[in-house]
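# Breakdown of the fold
Residue strings, one per chain:
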Amino acid sequence: MGTATIHSGIEALDEVLQGIRLGDNDLFRLRLQLTRDSAISHDGFQEVEQRFLASHFSEAIQEQFRSMLDYYGQAPIIVRSSSLLEDSFGNAFAGKYRSIFSANQGDPEIRLASFIHAVKLVYASALNPNALSYRRKRGLSENDEQMAILVQRVSGMPYRNYFFPAMAGVALSHNLFAWNDVIDPRKGIIRLVFGLGTRAVERVGSDYPRMVAISHPHLRPEVGSKVAKYSQHQVDLLDLQANQFESLSLSDVLDDKTYPNLHLMVSVMRDGYPYGPVTIQVDGQPDHMVLTFNNLLRRTDLVSFMGEMLTRLEEAYGQPVEVEFTASVDAQEHVRVNLLQCRPLFSPSSLGRIQIPTRLERRQILFRCNRMICGGTVKQIGYILYIDPQKYNAISSMETKKALGRLVGQINRHAAIKSSKIMMMGPGGGGSSNINLGINVSYADIDNAAVLVEMALEEAGHVPEVSYGTHFFLDLVESQIIYLPLYPDDAAAEFQSEFFRKAPNTLSQLLPDAADYESVLHLIDVPRATDGVFAQVIADPQHHQAVCFLDKV
């Protein structure tokens, strides 16, 4: 893998910004100001990006860029951040700064323009709301965030007019999502996708990666016809002819069924069940193919190799780790893995033994979860932000849904909320790009939450994705925000809908301009609604149980 570093990390951002023809942009002073203030809205950041894009590099620096691009030729590349604060123990900065793929095709000047555009966006991303919020929460606001640019060849191979790896993903040496009691959480988990790894590290609409428990790789959370629903339907790749990053349907990419080792990647749906090809030739229509990786997991050593690699890395780091990787399979079905990145992973298992109370009165319980992921205890929750999934689903206006996401961010940053503890509850969608599946919020919109509850009503299309391994979920784990998926229709959930429906709504008192949203967003001042009693959450990761209840303690 070829790598070129444009500037050393010590003086990187300062030097490059000084090398930009600033004119009246004042980008250097803007960067210092925003870093110091540690606050910017998403709309404000878009203006910052435009100011970066409107700037110009000096001829001397552009000549260095040309020399580097000559080295890479027309090989697809990825432009990434490389800051001094990233990937450190306790501060992973996962996904906080941009990484931009470039197909890198065409004549030299077209390639140069594309590269410069990517560099500007990566540098601007040091000032995005999520990064600033992340630094503030970890006491790093005063640190001078020095950033270099890392340029790498994209791992993969050409296929038709496209370029992408056969497999990519995220692997974690500790599995907090043990959906079956036989799974050993100490063996880790793999989040596997076909194509570029963007769909493994981010939540993308209603697309789902294959979750592979390393101790029991053939188990999966879904069975039967649901395997097709909860699978990957889109492929992220580089279109060499269009010279750009694309997301295309699986059936369009594989319509001629000539992709190498396709029989290892897909199953064919028949009568509602997935069947793995028994020969190299894949029978059936492309739109009947489902990415299960079943034959890959049965016939290759991918899982054992990944398990051994994670064990060694965890031993070397002295704590659990998270890695990003790509992989390929040769004609003899031998797997080759490329390790792209490794960072320490905070594991909430270190929080000690947690026990669910057994003597709770039914009237105390607000809800129970039996499919939980994170563990921990949060006492004296003063506020509950509740968005009814059915009412949200009934909203037809995309602008209203976007406004609700921004409103959640306003509440998150309000002084009254920051001085208390808040639990946020609503339809799944945190970190997702599909606003129809739930509230579209980023880390900066929920970073003051103590508990995040994603609610699932399947008839409304709201099903919390098993998001363990995404950048968004790693943010929650690092920040010790307890994440709970809640299924209100599940009898075991004991969801007390009457409390959430009838408790006084204090939204307009906190934010008078938000009164129009009171029918959908319910902000509950818990002590006020319960004569001085607070809410408490206890989540036991070993037994996959969590309870939220009212308690005077």
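My aim in this report is to walk through the structure given alongside it, one point at a time. On a predicted model such as this, the values are computed, not experimentally measured, just so you know.

Turning our attention to the pattern of salt bridges. The final tally for this structure, using the stated rule, is 16 salt bridges. The salt bridge partner of Glu 49 is Arg 98, with a shortest N-O separation of 3.0 Å. Of this pair, Glu 49 sits in helix H3 (residues 42–53) while Arg 98 sits in the loop between strand E4 (77–83) and strand E5 (99–102); the two residues are 49 residues apart in sequence, bridging distant segments of the chain. Owing to a relative accessible area of 34%, Arg 98 belongs among the partly exposed residues under this scheme. With a closest N to O distance of 3.8 Å, Arg 362 and Glu 494 form a salt bridge. Here Glu 494 lies in the loop between strand E24 (482–486) and helix H18 (497–502) and Arg 362 lies in the loop between strand E18 (335–344) and strand E19 (365–369), a separation of 132 residues in the sequence. Residue classification places Arg 362 among the exposed residues on the basis of a relative accessible area of 66%. Here the salt bridges share partners, and the residues they tie into one network are Glu 63, Arg 66 and Glu 109.

Moving on to the sheet that holds strand E16 (residues 289–291). As summarised here, the arrangement of the 3 strands in space is E15-E14-E16, forming an open sheet in which the pairing is antiparallel. Across the chains shown, the open sheet's two edge strands, defined by having one partner strand only, are strand E15 (273–275) and E16. With strand direction ignored, the average angle separating the axes of adjacent strands in the sheet is 45°. In this structure, strand E14 (residues 266–270) lies alongside E15, joined through 3 bridges in antiparallel fashion. Bridged to Met 269 within E15 is Pro 274.

Analysis parameters
Residue indices begin from 1 for each chain and proceed along its sequence in written order. This being a predicted model, a pLDDT of at least 70 is required before a residue's local features are given, and a value of 80 or more before pairs of side-chain atoms are given or counted; all residues contribute to the totals for chains, interfaces and linings. The basis for every side-chain value is the complete set of heavy atoms in the structure, and neither hydrogens nor water enter the calculation. Every case where a carboxyl oxygen of Asp or Glu lies within 4 Å of a side-chain nitrogen of Lys or Arg is listed as a salt bridge. Note on conventions: DSSP H or I runs of at least 4 residues are helices, E runs of at least 2 residues are strands, and numbering of each starts at the N terminus. The rule is simple: take the accessible area with a 1.4 Å probe, protein chains only, and divide by the maximum for that residue type; under 20% is buried, over 50% is exposed, in between is partly exposed. At least two bridges found by DSSP between two strands are what make those strands a pair. The axes used here are C-alpha line fits, helices contributing only the stretch in contact, and every angle between their N-to-C directions lies in the interval 0 to 180 degrees.

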